[in-house]
Amino acid sequence: MKKIDAHSHIGSIGGWANVCMTKEKLIEQMKEYEIEKTFLTAPSFSGNDEVIDVFQSYPEKIVPFVWVNPVLDDVEKKLDRYINKEGFVGIKMQPLSNSFVADSPIVYPVMDFAKEYDIPVFIHCGHPPYSLPWSIALLAERYPDVKVTMIHMGHGHGVYIDASLKMARRYDNLYLEMSGMPMGSKIKEAYETVGKDRIMFGTDSPYHHPSVEIQKVLTCGLDDNALSDIFYNNAKKLLKL
């Protein structure tokens, strides 16, 4: 079954994680697990040029996302460069790593840009105090014309997973990506109650292995048509690929 990976990283990520993904290993992994395209982000907000290198090497396989840190970045300058000049097609924010609450006014310039250029925004979801689903939902409420994806849809905490689904049911511009979220039953619930086109497969590689993330989808209890939506169709539709 062909796939689009809606969340992956390139480069070295040190510290507690101590993982690395080279572009050669990424392409090999994509081939092994039938991943047609990868939504690719940097190892940090300062590493976006690593994504440029992979994108230029494999333009048919890489869907580049720019990691923006609204605390330290010149947001308008950075987004103009990567979106308008380098051909990136999505924005990622990581409130936990970069220490800002997801619906803080500091984020508004990012969202204003996303609205103007019709760019989807992916936000890490599932860790207090910065990246909780309620904060991301408040941001989505303020920007109903921006498609916002909650990366990890609550991650490993049952309360945050449940809240991610509840918030997505409330706001139809909220989407879900399931990497790192351990409950296959919630993938099925999201597909059936949030929307058939609003949950996407992702690996969060190299933090997680594709085989683990694939099995969560395959064993969630949905039929093959639904699995094709999650693995492939929904990401393709969101990015108009």
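Residues numbered from 1 in each chain as written. Predicted model: local features only at pLDDT ≥ 70, side-chain atom pairs only at ≥ 80, totals over all residues. Heavy atoms only, no water.

Enquirer: Looking at this structure, how should I read the overall build of the protein?
Expert: A tally of helices and strands in the protein yields ten helices and ten strands. Taking 241 residues into account, the globule formula puts the C-alpha radius of gyration at 18 Å, and the protein, at 16 Å, falls close to it. Counting only C-alpha atoms and orienting by the principal axes, one finds that the protein spans roughly 45 × 40 × 35 Å. Put simply, 74% of the contacts in the protein that link residues at least 6 apart link residues at least 24 apart. Accessible surface, the protein: about 10100 Å² in total, of which carbon and sulfur atoms supply 50%. Here the protein carries 26 positive and 32 negative side-chain charges, and the mean point of each set is 3 Å from the other. (Helix = DSSP H or I, 4+ residues; strand = E, 2+ residues; numbered from the N terminus. Rg over C-alpha atoms; globule rule 2.2 N^0.38 Å. Contact = heavy atoms within 4.5 Å. Areas by Shrake-Rupley, 256 points an atom, 1.4 Å probe, with all protein chains shown as cover. Lys, Arg positive; Asp, Glu negative; His and termini not counted. Charge placed at Lys NZ, Arg CZ, Asp CG, Glu CD.)

Enquirer: What am I meant to see in unusual backbone geometry here?
Expert: Trans peptide bonds make up most of the peptide bonds, and negative phi angles are found at most residues other than glycine. With omega at -5°, the peptide bond leading from P128 into P129 counts as cis. Relative to the helices and strands, P129 resides in the loop between β7 (121–124) and α6 (133–142). Here S205 and P206 are connected by a cis peptide whose omega angle stands at 5°. A positive phi is found at H152, a non-glycine position, where the angle reads about 80°. With respect to the helices, strands and loops of the structure, H152 is situated in the loop between β8 (148–151) and α7 (158–170). At H155, a position not held by glycine, the phi torsion is positive, near 60°.

Enquirer: It is not clear to me how α6 should be interpreted in this structure. Could you clarify?
Expert: Each α-helix turn comprises 3.6 residues. Residues three or four places apart therefore point the same way. Turning to α6, its buried residues are P133, S135, I136, A137, L139 and A140. Its buried side turned inward, α6 meets α5 (108–117), β7, β8, α7 and β9 (174–177). (Buried < 20%, exposed > 50% of the residue type's maximum accessible area, 1.4 Å probe, protein only.)

Enquirer: Where do I start with the side chain of T38 in this structure?
Expert: Relative to the elements of secondary structure, T38 occurs in strand β4 (residues 35–41). Ignoring any residue separated from it by four or fewer positions in sequence, one finds T38 in contact with D5, S8, M30, K61, I62 and V63.

Enquirer: What is the right way to look at the layout of surface pockets in this model?
Expert: Which parts of space are left empty comes out when a probe the size of a water molecule is rolled across the atoms. As a volume, the largest pocket reaches approximately 390 Å³. Taken together, 23 residues line the largest pocket, and the ones lying closest to its centre are W16, Q94, S97, H124 and Y207. Counting residues per element, the lining of the largest pocket draws most heavily on helix α4 (residues 95–98), which supplies three residues. Considering only residue class, the lining of the largest pocket consists of nine nonpolar, twelve polar and two charged. Considering only enclosed or pocket space, the second largest pocket measures out at about 200 Å³ in volume. Of the residues forming the lining of the second largest pocket, the biggest block, four residues, is contributed by helix α10 (residues 224–239). The residue inventory of the lining of the second largest pocket, partitioned by class, reads six nonpolar, one polar and five charged. (1 Å grid on protein atoms, 1.4 Å probe; cavity = no way out; pocket = protein on both sides within 12 Å on 5 of 7 lines; lining within 4 Å. Points joined across faces, edges and corners; volume = space filled by probe spheres on them. Nonpolar A, V, L, I, M, F, W, Y, C, P; charged D, E, K, R; others polar.)

Enquirer: Whenever I open this one, the sheet that holds β9 confuses me. Can you help?
Expert: Taken together, the eight strands give an open sheet; going across it, the order is β1-β4-β5-β6-β7-β8-β9-β10, and neighbouring strands pair in parallel fashion. Since the sheet does not close on itself, it has two edges, and those belong to β1 (3–9) and β10 (199–200), each with one partner. Here β9 runs beside β10; their pairing, made up of two bridges, is parallel. Residue pairing across strands places E177 opposite M200, the latter belonging to β10. (Pairing = 2+ DSSP bridges.)

Enquirer: I would appreciate a short explanation of the side chain of N234 in the present structure.
Expert: Residue placement: N234 occurs in helix α10. Residue classification places N234 among the buried residues on the basis of a relative accessible area of 3%. A polar contact is formed between the side chain of N234 and the backbone oxygen of I199, at a distance of 2.9 Å. In this view, N234 contacts K196, D197, R198, I199, M200 and D229; residues no more than four positions away in its chain are not counted. (Polar contact = N/O pair within 3.5 Å; in protein donor to acceptor, adjacent residues only side chain to side chain.)

Enquirer: Whenever I open this one, the pairing of β4 confuses me. Can you help?
Expert: Looking along a regular strand, one sees side chains alternate from face to face of the sheet. Among the seven residues of β4, six are classified as buried, and the element is accordingly described as predominantly covered. Pairing of β1 with β4, which is carried by five bridges, proceeds in the parallel orientation. Bridging across to β4, S8 finds its partner in L40. Where β4 and strand β5 (residues 62–67) come together, three bridges link them in parallel fashion. By the bridge assignment, L40 is partnered in β5 with P64. Read as a crossover between parallel neighbours, the route from β4 over helix α2 (residues 48–57) to β5 is right-handed. (Right-handed = clockwise from strand over helix to strand, strands pointing away.)

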